[in-house]
Amino acid sequence: MATVPVEGGPTSGPTVLRMLLGAQLRRLREGAAVSRESAGWEIRSSESKISRMELGRVGFKERDVADLLTLYGVAAEEDRAALLKLARDANSPGWWHRYGDVLPSWFQSYLGLEAAAALIRTYEVQFVPGLLQTAAYAREVILLGHRGAAPAELDRRVDLRMERQELLRRADPPQLWAVLDEAALRRPIGGPAVMREQLDALIEATAAPHVRLQIVPFTAGGHAAASGAFSILRFGDEDLPDIVYIEQLTSAIYLDKRDDLDYYAEAMERLCVEAAPPERTRELLARIRDELYPA
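A quick note: this is a predicted structure, and the numbers were derived from the prediction, not measured.

Peer 1: Where do I start with the domain arrangement of the chain in this structure?
Peer 2: It is common to report an interface's size as the accessible area lost on association of the parts. Assigned domains of the chain: these are domain 1 (14–91) and domain 2 (104–293). Placing the centre of domain 1 and that of domain 2 at their C-alpha centroids yields a distance of 35 Å. Between domain 1 and domain 2, the residue contacts involve eight residues of the former and ten residues of the latter. Both faces considered, domain 1 and domain 2 share a buried interface measuring about 710 Å² in area, 69% of it formed by carbon and sulfur atoms. Contact with domain 2 buries area across many residues of domain 1, yet Thr15, Val16 and Met19 alone supply 55% of it, more than any other trio.

Peer 1: Would you explain the nonpolar core in this entry?
Peer 2: The nonpolar side chains of a soluble globular protein tend to be buried with one another. The biggest cluster of nonpolar side chains holds 69 residues, and the ones touching the most others in it are Leu132, Leu185, Leu202 and Phe235. Take this core: its biggest share by element is seven residues, from helix 1 (residues 14–31). With residues up to four places along the chain from it excluded, the contact list for Leu185 reads Val128, Leu180, Met195, Leu199, Leu202, Ile215, Leu285, Ile288 and Tyr293. In terms of nonpolar packing, the next biggest core, distinct from the first, is built from 16 residues, Val179, Val216, Leu255 and Met268 among them.

Peer 1: Just to check I follow, could you spell out helix 11 (residues 258–274) for this structure?
Peer 2: Taking 1.5 Å per residue, 17 residues should reach 24 Å; helix 11 reaches 24 Å between its end C-alpha atoms and fits that length. Among all positions of helix 11, only Leu261, Tyr264, Ala267, Met268, Leu271 and Cys272 are buried. Considered in projection along helix 11, the buried side chains sweep an arc of 140 degrees and stay on one side of the axis. Residues of helix 11 that are exposed and angled more than 90 degrees away from the buried face: Arg258, Asp259, Tyr263 and Val273. In this fold, the buried residues of helix 11 make contact with strand 1 (117–124), strand 2 (175–181), strand 3 (211–216), strand 4 (230–235), strand 5 (243–247) and strand 6 (252–255).

Peer 1: Got a minute to help me understand the pattern of salt bridges in this structure?
Peer 2: A side chain with one charge can pair with a side chain of the opposite charge if their charged atoms come near. Tallied over the entire structure, the rule returns 25 salt bridges. Arg57 is the salt-bridge partner of Asp256, the closest N and O atoms lying 3.0 Å from each other. In this pair, Asp256 sits in the loop between strand 6 and helix 11 while Arg57 sits in the loop between helix 3 (47–54) and helix 4 (62–71), placing the two residues 199 residues apart along the sequence. A relative accessible area of 27% means that Asp256 is categorised as partly exposed. Classification of Arg57 by relative accessible area gives partly exposed; the value is 49%. A salt bridge links Arg186 to Glu182; its shortest N-O distance comes to 2.6 Å.

Peer 1: I keep staring at the environment of Thr134 and nothing clicks. Help me out?
Peer 2: Here Thr134 is to be found in the loop between strand 1 and helix 7 (135–145). Take Thr134: its relative accessible area is 11%, and that puts it in the buried class. Sequence-wise, Thr134 and Gln165 are 31 residues apart; in three dimensions their C-alpha atoms are separated by 10.0 Å. In contact with Thr134, not counting residues within four places along its chain, are Met162, Glu197, Gln198 and Ala201.

Peer 1: Which parts of the structure should I look at to understand the packing of aromatic side chains?
Peer 2: The description of an aromatic ring pair uses the distance of the two centres, along with the angle that the planes make with each other. Inspection of every chain in the model, using the stated rule, returns nine aromatic pairs. Seen from their ring centres, Phe230 and Tyr264 are 5.0 Å apart, and the 65 degrees between their planes marks the pair as edge-to-face. Placement of the pair is Phe230 in strand 4 and Tyr264 in helix 11, with a sequence separation of 34 residues. By relative accessible area, Tyr264 is classed as buried at 17%. An aromatic cluster is built from Trp106, Phe107, Tyr110, Tyr245 and Tyr254, whose rings are joined through pairwise contacts. We note Arg121 situated over the ring of Trp177; from NZ or CZ to the ring centre the distance is 4.3 Å.

Cut-off values and rules
Here the residue index of a chain counts from 1 through its sequence in written order. Since the coordinates come from a predicted model, pLDDT governs what is reported: local features require at least 70, and pairs of side-chain atoms require 80 or more to be given and counted, while whole-chain, interface and lining totals use all residues. Side-chain metrics rest on all non-hydrogen atoms present in the structure, leaving aside hydrogens and water. Boundaries between domains were set according to an automatic or database domain assignment. The contact rule is simple, with two residues in contact once any of their heavy atoms fall within 4.5 Å. Buried area is understood as the total, over both parts, of accessible area removed when two parts are fitted together, assessed with a 1.4 Å probe. Buried residues of nine kinds, namely Ala, Val, Leu, Ile, Met, Phe, Trp, Tyr and Cys, make up a nonpolar core once their side-chain atoms join them within 4.5 Å. The classification of residues rests on relative accessible area computed with a 1.4 Å probe and restricted to protein chains. Under 20% of the type maximum is buried, over 50% is exposed, and intermediate values are partly exposed. Runs of H or I in DSSP of at least four residues are treated as helices and runs of E of at least two as strands, each being numbered from the N terminus. In this scheme, a helix's expected span is set at 1.5 Å multiplied by one less than its residue total. Summarising the geometry, the arc corresponds to the directions from the helix axis toward the C-beta atoms. By definition, a salt bridge exists where a carboxyl oxygen of Asp or Glu is found within 4 Å of a side-chain nitrogen of Lys or Arg. The rule is short: rings of Phe, Tyr and Trp, with Trp giving its six-membered ring, pair when the centres are within 6.5 Å, and they are stacked under 30 degrees, edge-to-face over 60, tilted in between. A ring is scored as having a charge over it whenever the NZ atom of a lysine or the CZ atom of an arginine sits within 6 Å of its centre and within 35 degrees of its normal.

Right, dumping it as structure tokens:
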């Protein structure tokens, strides 16, 4: 039996480890012709619990994994040890758990997926993407939703966003392909000085080989993603499906069904065609900066 890797690499975050282990358990169950209902009975649980485990959406108890491996006929000690270690690693907290006091649970899942993605494609209509925000711009965006927050809490939220950006500076960064509506660049978040610094930072970001930035100009008219912002995450392991992430005010939607993925992938492709080509991005950013936020 082939086992999934558990050491190092971009897929070693706990969120993706759960997904990898869940996919492996699903293949083993199907190979043994065991129903989800029977598997749930074996671990004193339910069919829906098995479904959530196989999707990587819950943590794993080592005892449950061991019992399932026995039920599925996995007897080789080497294979059992590798999967049980994967279960232990999948329960390890991510770096973002240090910010649990200011981090909603529904966003923790996204941070785990983002940290493990090989390709992040995102469309934004109101704000600069979080991975490309300056600290000053991030503080102003955070203030929009947390005006009553104490300064210390605001600092924590800004620190979280800045630490999140470290994934773009690691040795094996994901590819980031961001498409911004021109409106996001013209909306004066925080005033001229904050916006000029932010636009300078975006110009600098375009020089990174793993960052591609495109702008949908007003002249493009209506476009494929008129319904709002979304992100598509792709992972380096073929066992993991793409995931569409759509953030709301107090929750988020995660889509992984084939029809949904195809719909959003097509919308993203059309956006990239309707946007100005990447080689014009620096020119457009500089023009908006000098027009609206002159030094």
